[in-house]
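Chain residues, written in single-letter form:
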Amino acid sequence: MSLFKARDWWSTVLGEKEEFDQGCLCLADVDNTGSGRDKIIVGSFMGYLRIFNPHPVKTGDGAQAEDLLLEMHLRDPILQVEVGKFVSGTEMLHLAVLHSRKLCVYSVSGTLGNVEHGNQYQIKLMYEHHLQRTAFNMTYGPFGGVKGRDLICIQSMDGMLMVFEQESYAFGRFLPGSLLPGPLAYSSRTDSFITVSSCRQVESYKYQVLAFATDADKRQETEQQKLGSGKRLVVDWTLNIGEQALDICIVSFNQSACSVFVLGERNFFCLKDNGQIRFMKKLDCSPSCFLPYCSVSEGTINTLIGNHNNMLHIYQDVTLKWATQLPHIPVAVRVGCLHDLKGVIVTLSDDGHLQCSYLGTDPSLFQAPKVESRELNYDELDIELKELQKIIKDVNKSQGVWPMTEKEDDLRVSATVSPNFDSVSKAPDVEVGTDLVPSVSVKVTLQNRVALQKAKLSVYVQPPLALTCDQFTFEFMAPEMTRTVAFSVYLKGSYTPPELEGNAVVSYSTPTGIPQVIQCKFRLPLKLICLPGHPSKTANHKLTIDTNKPPVSLLSLFPGFANQSEDDQVNVMGFRFLGGSRVTLLASKTSQRYRIQSEQFEDLWLITKELIIRLQEYFEKQGIKDFACSFSGSMPLQEYFELIDQHFELRINGEKLEELLSERAVQFRAIQRRLLTRFKDKTPAPLQHLDTLLDGTYKQVIALADAVEENQDSLFQSFTRLQSATHLVILLMGLWQKLSADQVAILEAAFLPLQQDTQELGWEETVDAAVSHLLKTCLSKSSKEQALNLSSQLHLPKDTSRLKKHITLLCDRLAKGGRLCLSTDAAAPPTMVMPGGCTPIPESDLEERSVEQESTELFTNHKHLVVETPVPEVSPLQGVLE
C-alpha cells in the first residue's frame, strides 16, 4: 500500500461499457501546432476515436466540453493508434489508426473559430490499406535508415510482418516457427525488429534480412533455397526469458547507449542491443503496463510500471524510487507535456478511465485541537470499573461467554413422508427379483421470513435407495413465501440400505450476502423395502434384546406386517426384504425379551433398529419414560470380521485387476505404435502377427474392464452390507455397556467415517486409525500409550489382522469400564469389570498374544447368542426367550 496517492490533475471517463488496451493510447502534437504541447489520442474497441487537449482551471477538475477536440466513430474496432511521418512529400505528423482488417492514415487539423464555440477540428483520410490477414499490432520507424519519413510494419495474428512504405505495400514475411503473435518494437540504432515469440524468447530480425528473404506468398522453400541462396529468413539473436511478454520498448536517449526493455509476467528485463542482459528485476505484483523514460542521473533509466494492485511504481534501473496509488488498474501509461506542464503521467484503464496525474504530496492543514487538562478522580474510576465488571459477570452467568440473542431462522424447512405408497410407482422399470418396487412420496416445505437469494435444496438418501429428483432451486424474492416440492423414493438394487433416514439440505444467502445452510431429516417407512413374510424356524444368526417392561404384541408394533394366515401367532412375525432375504422377530410371553434372527448377519440391523424405535414410541404414548433396552450376550465379532474380510478381499481384487488392466493398456498402445510404424513405412514389411496380437490384447482389455466394473459393483454392495453390520455392532455396544448418546456418537464417528469407499481411501485403514486413536487416548492404559503418535499417512493394509485386534481390544477395554470421550485427561485406569466376560488388558507382547487367542475363543462361535431353554406348550417358531 502506497503512502501517497497520484495527484489528480485532470480526469474523465470515456463512453459507456467501452474497452481499451495498451495500444489505444498515444500522446503527440498531432495537429502540428509546433508549440510542443501534446494532445491525448485514444481509440477504443468500439471504434471511437477521441482527441483531448486538457487545460483545467484548477488541479483535479474533470473534463470540460472544450477539452474534447474531436470525437469520431470509425465503426471498426481500433487496435492501436500511433503518430508519425506517414505521408510522402511532407514531414508533418499524421495519425495512423490500425483496425483488424484495415490501416488508415489521417491528417488532423484545426480551424480558428470566430464565435464563442472556439476552434474546430477535423480529420481527413489520407490513404488506407486493406489487409489480407487479421492484424495484431504495429510499429513504425525509419526502416532501412530512410530520412524524413516513417514506415509502418504490421504483425498479423498468424505471425506475418507486413511492411508499408507509406502509401504503397512493400513486402510481407512470415516469422519462422510463429504460433502466437507477441509485442513488436523497432530499433533504429540496429535497424531491426524485436519481438517475443511463443517459445518465450526475445528474437531480433534485421530489416535488411527481412527485405531480401523469401516472399510471404512463396512460403514453401524450393530446393535451391535449401541449398543456400541467401534468401532464407534468419534470426539475428535470441534470448530465452522463460515467460510471456506483455510489452517491448526501445530506449535510446543518446547515440552511445541503446536499451531494449521487455516487460514479462513476473519480471522486467533490460537488454543491450546485441541481446545481452544489462539487468533484470523480479516484480512483487502482476504488472499491467510499463514505460521507460529518461533519468536525470547519467547512465540510468527510469521506468514506470503499473500493476493489478492499482499501483504505479517508479524504478531507477532496479531500485524502487517511488510508489503511488491510482484509482484504477492502468493498461497503458504515457508521459507528455500538457498545457505547459511537463512530465504529466497519463494512464488509461481497460474500462475507459483516463487520468492525468503527477507525483508529489499535499501538506495537511489540519491541526489537532488542544485537550483540556483536568485532574482524574481515581476513586470514582475504581467504582465505575467495579460496576462494569459486575455487569459483565452477570451477563456471562446468564447467557454464557457471548451474549446470545434469540433470532428467528430466516428459512424454515420441514419434510413430510406420505403414509401410503404412490398409486403408480415412480420407479423407472425397476424390479428386484420377482417383486414390483413401490415408491413413496416425500414433500419438503420451505418458508422464508425475509427475502433470500438463490436457495438450493439437495436431498440425499442412502443407496441403493434412489430419488426421482434430488436438486431443486428456489427464488424467494419477497418475505413470507412458501414453496413446496415433492419427489419419490424407491429401492434401486437387490440389497438393503444401511439407513432409512433421508436428509434435505438447503443452502442459501441472506440479504446481506452471508451463506447459510439448514437441514431437515426425514424417516422412510420400513415397508418401502420390506414385505410381510413367513417366519423361519431356523436361522444362522440370532440376537436377543432385553427390556425392562412387559413384552408388547408384535401386531400392535408392526400393524402393516401382520400375516393373515397366521393370526394366532401374535408373538412371531416374519419379514421379507425386496432383495429376497428373510428376518424373523419373536417376542417372549413370560420374559421381557425379543429375538431377531436371520440367515444374513447384516439383515438383523434394520429390524433391530425399527423394533427399538417402535418400542420407545409405544411406551412414550403410554406415558412411560423409564423404558430401556439392554444386551447381555457376547459381542458377535466373528460374524462382523467375516464381512470385513469379504470387503477387504474385494478391494485387493480390484487393485490387482486395475494393475493388470493398466499393463494390458500399455501393451495395447505399444502394439498400436508398432503397427502404425509398419503402415507408414514406404517399403511394405510383414506384420509378423502384430494384428493378431492386437486383437487378442483388445479382447483382454475389454474383459478386464468388465471385470473391474463387476468388482466395483460387488465392492459397493459389500460396503453397504458392512455399513449395516457396523451400525448393528455399534448399537449392541451401546446397549451392552449402557453408553450415553455422546459416546455412541464417538463410536459412529470412528467406525463410520466414510460415505463412499474408494481404492485411494478405504474403510479399513480409516477405521484402524480412528480406533487406534481411541485406544491411545481415552481408552489408554497409561501415559506411555498416550505419547505414541499415529502415522499421518493412510494406505491399504496388507491384511485385516491389525484392525481385528484393535476392535477386539476396544471391546475389552469398554468391558473393563473404559469410557469414550474426546479429552485425553478423562482417561482413567478401569477398575470395574462389566458383564461380558472380557479378559484383562495385556502388559507385554507375549501376554498380548495369549490374550488374542483367548479373545478369539471368547468372541467366536456365537451365531446362537442366547441359550434356549425348553418351555412347555409353545410353538416351535416362538421359542420363548428367558
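Residues numbered from 1 in each chain as written. Predicted model: local features only at pLDDT ≥ 70, side-chain atom pairs only at ≥ 80, totals over all residues. Heavy atoms only, no water.

Caption draft 1: Layout of the overall build of the protein chain. For the protein chain, the count of helices and strands is twelve helices and 46 strands. Per-residue burial over the protein chain gives 45% buried out of 882 residues. A separation of at least 24 residues holds for 61% of the contacts in the protein chain among residues at least 6 apart in sequence. Split by element, the accessible area of the protein chain, about 47,400 Å² in all, is 51% carbon and sulfur. (Helix = DSSP H or I, 4+ residues; strand = E, 2+ residues; numbered from the N terminus. Buried < 20%, exposed > 50% of the residue type's maximum accessible area, 1.4 Å probe, protein only. Contact = heavy atoms within 4.5 Å. Areas by Shrake-Rupley, 256 points an atom, 1.4 Å probe, with all protein chains shown as cover.)

Caption draft 2: Geometry of the packing of helix α5 (residues 604–621) against helix α7 (residues 690–737). Where α5 meets α7, the closest approach of the two axes is 8 Å, and the angle between their N-to-C directions is 45°. Judged on the interaxial angle alone, α7 and α5 are oblique. Between α5 and α7 the crossing geometry is left-handed. In contact with L604, W605, T608 and I612 of α5, α7 contributes S724, H727, L728, L731 and L735. Partitioning the contact of α5 with α7 into residue classes produces six nonpolar, three polar and no charged. (Axes fitted to C-alpha atoms, helices over the stretch in contact; angles between N-to-C directions. Parallel < 35°, antiparallel > 145°, perpendicular 65-115°, else oblique. Left-handed = near helix turned anticlockwise from the far one by under 90°. Nonpolar A, V, L, I, M, F, W, Y, C, P; charged D, E, K, R; others polar.)

Caption draft 3: Up close: the packing of aromatic side chains. A complete count under the given rule lists 19 aromatic pairs for this structure. Both rings, one in F171 and one in Y207, keep their centres 6.0 Å apart while their planes meet at 45°; by these two values the pair is tilted. Of this pair, F171 sits in strand β15 (residues 168–174) while Y207 sits in helix α1 (residues 207–212), and the two are 36 residues apart along the sequence. There is no split in this pair, since F171 and Y207 are both buried. By way of ring pairs, the aromatic residues F143, F171, Y186, F193 and Y207 are connected into one cluster. Here the guanidinium or amino end of K527 rests over the ring plane of F421, the centre of that ring lying 5.3 Å away. (Phe/Tyr/Trp six-rings, centres within 6.5 Å; stacked < 30°, edge-to-face > 60°. Lys NZ or Arg CZ within 6 Å of the ring centre and 35° of its normal.)

Caption draft 4: Local environment of the sheet that holds strand β43 (residues 572–577). Here we have six strands laid out as an open sheet, ordered β41-β43-β44-β45-β42-β46, and antiparallel in their pairing. Of all strands in the sheet, those with a lone pairing partner are β41 (530–533) and β46 (629–630), marking the two edges. Strand direction decides the pairing type here: strand β42 (residues 541–547) and β46, joined by two bridges, are antiparallel. Within β46, the position partnered with T547 by the bridge is C629. (Pairing = 2+ DSSP bridges.)

Caption draft 5: Representation of helix α8 (residues 741–751) in the model. Of all the residues in α8, the buried ones are Q743, I746, L747, A750 and F751. For α8, the arc enclosing every buried residue in end-on projection is 120°, short of the 170-degree limit, so these residues lie on one face. Away from the buried face of α8 by more than 90 degrees, exposed residues A741, D742 and A749 are located. Contact partners of the buried residues in α8: α6 (637–680), α7, α9 (763–776) and α11 (801–815). (Arc of directions from axis to C-beta.)

Caption draft 6: Inspection of the environment of Y594 at higher detail. Mapped onto the fold, Y594 is located in strand β45 (residues 593–598). Given the relative accessible area of 1%, Y594 is considered buried. There is a polar contact of 2.9 Å between the side chain of Y594 and the backbone nitrogen of V552. (Polar contact = N/O pair within 3.5 Å; in protein donor to acceptor, adjacent residues only side chain to side chain.)

Caption draft 7: Region of the structure containing α9. The first and last C-alpha atoms of α9 sit 20 Å apart over 14 residues, in line with the 20 Å expected at 1.5 Å per residue. With ten of 14 residues buried, α9 lies mostly within the body of the structure. Within the sequence span of α9, burial applies to W763, E764, E765, T766, V767, D768, V771, S772, L774 and L775. (Expected span 1.5 Å × (residues − 1).)

Caption draft 8: Just the side chain of E610, in detail. Structurally, the position occupied by E610 is in helix α5. There is a polar contact of 2.7 Å between the side chain of E610 and the side chain of R523. Those residues in contact with E610 that sit more than four places away from it in its chain are L500, R523, L526 and F558.

Caption draft 9: View of the environment of E658. Position of E658 among the secondary structure elements: in helix α6. Given a relative accessible area of 36%, E658 falls into the partly exposed group. Taking the C-alpha atoms as reference points, E658 and L704, 46 residues apart in sequence, are found 8.1 Å from one another. Contacts of E658, omitting those with residues within four sequence positions, involve V708, Q712 and Q759.

Caption draft 10: A look at the packing of α9 against α11. Two numbers describe how α9 lies on α11: the axes approach to 9 Å, and their chain directions differ by 35°. Handedness of the α9/α11 crossing: left-handed. Mapping the contact onto sequence places W763, E764, V767, D768, V771, S772 and L775 in α9 and R802, L803, H806, I807, L809, L810 and R813 in α11. Across the contact of α9 with α11, the residue classes break down as eight nonpolar, two polar and four charged.

Caption draft 11: How the structure looks around the nonpolar core. Ranked by internal contacts, the top residues of the largest apolar core, which has 101 residues, are L457, V489, F575, Y640 and F751. Counting residues per element, this core draws most heavily on α7, at ten residues. Here F575 is in contact with L526, C530, L531, G533, F558, F561, S581, R582, V583, L585 and I607, once residues within four sequence places are set aside. Of all hydrophobic cores here, the second largest spans 18 residues; its members include C26, I41, L69 and L95. (Core = buried A, V, L, I, M, F, W, Y, C linked by side-chain atoms within 4.5 Å.)

Caption draft 12: Highlighting the sheet that holds strand β37 (residues 471–476). In spatial order, the strands read β37-β35-β39-β40; together these four strands make up an open sheet with antiparallel pairing. Two strands bound the open sheet, and with one partner strand each, they are β37 and β40 (515–523). Shown here is a sheet whose adjacent strand axes are inclined to one another by a mean of 20°, direction ignored.

Caption draft 13: Region of interest: the confidence of the model for the protein chain. Mean pLDDT for the protein chain: 82, with 84% of residues reaching 70 or above. Under a pLDDT of 50 for its full length, residues 219–230 has, in the predicted model, seven contacts with residues more than four places off or in other chains. With pLDDT under 50 throughout, residues 824–882 is counted as low confidence; its partners more than four residues away or in other chains account for 111 contacts. (pLDDT = per-residue confidence, 0-100.)

Caption draft 14: Here's a closer look at the pairing of strand β16 (residues 184–187). Burial along β16 is two-sided: the residues L184 and Y186 and A185 and S187 are all buried. With four bridges joining them, β16 and strand β17 (residues 192–196) adopt antiparallel strand pairing. Opposite Y186, over in β17, you have F193 as the bridge partner. Taking the residues that link successive antiparallel strands as the turn, the β16-β17 hairpin has four residues, and the phi of D191 there is positive, at about 55°.

Caption draft 15: Up close: unusual backbone geometry. Omega for the peptide link from P463 to P464 comes to 10°, which places this bond in the cis form. Along the chain, P464 falls in the loop between β35 (452–461) and β36 (465–467). In this model, K17 sits at a positive phi of 55°, which is unusual for a non-glycine residue. Among the secondary structure elements, K17 is positioned in the loop between β2 (7–13) and β3 (25–28).

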